[in-house]
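Structural overview for review
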Amino acid sequence: MSFASFFGPLSHTGRVWVFGHHVSVDAIHPARFFSLDPERAAQGLFQGVDPAMPEPLRPGDVVVAGRNFGCGSSREVYAVAMLRQGIAAVVAASIARICQRNLANHGILALEGLDLTDQLRSGEQLTIDLAAGQMRGASAVWPIPQPPTADFLELLRVNSLRKGQS
Amino acid sequence: MSVGTLAGAILSAKAGRALATGEVVEVAVDLLMGHDGTFPLGLKDIAAQGLTVHDPRRLLLVCDHFSPAATVERADIQKLQIDFARRHGLALALFTGICHQLLLEHPLVGPGRVVLGADSHTVTAGALGALATGVGTTDFVQALATGRLWLKVPRAIRIVLQGQADPAVLGKDVALEVLRRLGSDGAIYASLEFFDQDGGLSQDSRAAVANMSVETGAKCGIFRPDAVTHEFLRQRDGQALEDVSWPQPGGYVAEEVIDLTRLEPLVAAPHDPGNVRSLAEVAGQPLDQVFIGSCTAGRLEDLRVTAQILRGRQVAPYVKTIVIPGSRTVLLEAMARGYVQDILAAGATVANPSCGPCCNIDKGLLAEGEVCLSTSNRNFPGRMGARSSQVFLASPATAAASALTGVITDPRGRL
């Protein structure tokens, strides 16, 4: 499950997990879970954020984070794990540079420039409507601040299919 | 003479035309680095797409994270890289040092060069005036196969260094001062560009500053090459590398001036490198471990300072003091100068060149609840071991002084 399947109609509704600021790669995917086996790597996802993870994750879930999501290490095994667990998108106030590239290379939608950590609570639903350029919660609508271009969405689609297969 | 930023000048020279900030350009990579913690993840893509190495001379493959491997799983992962190198006749830096130190020792790294590495601390090579940045494995594989990668011309922040620091105030303290001012997300996707006006920082200290530029979110940290750079390159290569024609500084989104003469030792408290305190605020904090090493501080200057502070004394009982040189070259020189003997005689242990406990790998992981003073670059929760462990980041001078007392201690007056 990846961008191509979630955002086929350019809109996706998923359950959110709300994280804080400065969620580092060491928290997203602690080094002890490093593995070349995607299934094993997937078992470490968000373990450093919440030891109960990743058991409650479901395909289509959306990560909502604050500033500087994915800061620190470049090791992209966390992107493999996110793809494997079916994380549909990351919505964050800001995203660290290497993380932006890694998510794009794995076809995971990352939207920057909006801090919804005070607006949403874990378990609530969020609709990301790329066609309308907005995100919708139960009682509010937010414009997507830096809407991805059609070319970029196509890149995500291709990358998500390629990484999903390999 | 043109006006602009160092990153803009380097990328424009590569592109053969003047580039504007924000422009995306595909550039040829002068040196590409991958290591045992990141390279093996790319083998699946390399095999699936039938890719080959574009230019083996411009590839640096390093075994340093699992150096040597402490678990069978890591040995299995590392073996994939060793086998790949052997099969394709590629040079392999097998346990000869931390990849970022090896970049500084590599003849292809110098002013104006574009250096990419599958590791966030590749920025370290900016200490020699290169545009050096970290990428993930997928980007690494792209550059491996084509010799090129797209890069965005970053906005840039100018940081001017003035004067000379106290002998016990090192590059690490400058890096922490930059973090104190910018915060750990203050420079996302920006280029930090350092102008050491009075040559106050040694080349080793500059490497520590460039190394931690990524902790502000920066894409790169570039030192404007000067006499210090050229002397380092002359000693490294036997000749000064040809410098590029640098622009007059301009087009910066912000500027900071740091007066080194007034800079004091700093410490980043748990659990973020941007959580910077004055040493006085955390002095007296009891420690279970002191780690001197990593790609931030495993260089000759760091070992010299450590040896000078420890010489003829004993580290505190019950405090694990671990020193790990950054490379074999550094270790051999430190042995020749007697630093290693001084450090060992003081009761510290010296391990082989490697990443060590930084990044939760081996040779000194922290138990639940333990507190470590480390010269490395990150102190996120669980970064060096158990989730409840705590890491304070400081310079090798502060670390060595603290190893003697067992509590965080001001190093000034000890050098």
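Reading guide: rules and limits
Residues numbered from 1 in each chain as written. Chains lettered and ligands numbered in written order. Predicted model: local features only at pLDDT ≥ 70, side-chain atom pairs only at ≥ 80, totals over all residues. Heavy atoms only, no water. Helix = DSSP H or I, 4+ residues; strand = E, 2+ residues; numbered from the N terminus. Rg over C-alpha atoms; globule rule 2.2 N^0.38 Å. Buried < 20%, exposed > 50% of the residue type's maximum accessible area, 1.4 Å probe, protein only. Contact = heavy atoms within 4.5 Å. Areas by Shrake-Rupley, 256 points an atom, 1.4 Å probe, with all protein chains shown as cover. Lys, Arg positive; Asp, Glu negative; His and termini not counted. Charge placed at Lys NZ, Arg CZ, Asp CG, Glu CD. pLDDT = per-residue confidence, 0-100. Pairing = 2+ DSSP bridges. Right-handed = clockwise from strand over helix to strand, strands pointing away.

So, on to the overall build of chain A. For chain A, the count of helices and strands is 6 helices and 7 strands. Scanning chain A from its N terminus toward the C terminus, one meets helices and strands in the order α-β-α-α-β-α-β-α-β-β-β-β-α. Rg of the C-alpha trace for chain A: 14 Å, near the compact-globule value of 15 Å for 166 residues, within the 12% margin. Oriented by its inertia axes, the alpha-carbon framework of chain A measures out at about 40 × 30 × 25 Å. The burial tally for chain A puts 59% of its 166 residues in the buried class. Within chain A, residue pairs in contact and separated by at least 24 positions form 69% of the contacts whose partners lie at least 6 positions apart. Surface summary for chain A: the accessible area is close to 6300 Å², and the carbon and sulfur share equals 51%. A distance of 4 Å separates the average location of the 14 positive side-chain charges in chain A from that of its 14 negative side-chain charges.

Glancing now at the overall build of chain B. When helices and strands are counted, chain B shows 14 helices and 20 strands. On C-alpha atoms alone, chain B measures out to a radius of gyration of 20 Å, which is about the 22 Å that the 2.2 N^0.38 rule sets for 415 residues. In terms of overall dimensions, chain B has a C-alpha envelope of 60 × 50 × 40 Å along the principal axes. Across the 415 residues of chain B, 64% fall into the buried class. For chain B, long-range pairs separated by at least 24 residues make up 77% of all intrachain contacts whose partners lie at least 6 apart in sequence.

Across chain B, pLDDT averages 97, with 100% of residues at or above 70. Interface scoring of the predicted complex returns ipTM 0.95; its pTM is 0.97.

Here the focus is the pairing of strand β4 (residues 109-112) of chain A. All names here are of chain A. What you see with β4 is a clean split: Leu109 and Leu111 sit on the buried side and Ala110 and Glu112 on the side with no burial. Sheet topology places strand β3 (residues 89-92) next to β4; 4 bridges connect them, and they run parallel. Across the sheet, Ala92 pairs through a bridge with Glu112, a residue of β4. Between β3 and its parallel partner β4, the chain crosses via helix α5 (residues 97-105), and the hand of that crossover is right-handed.

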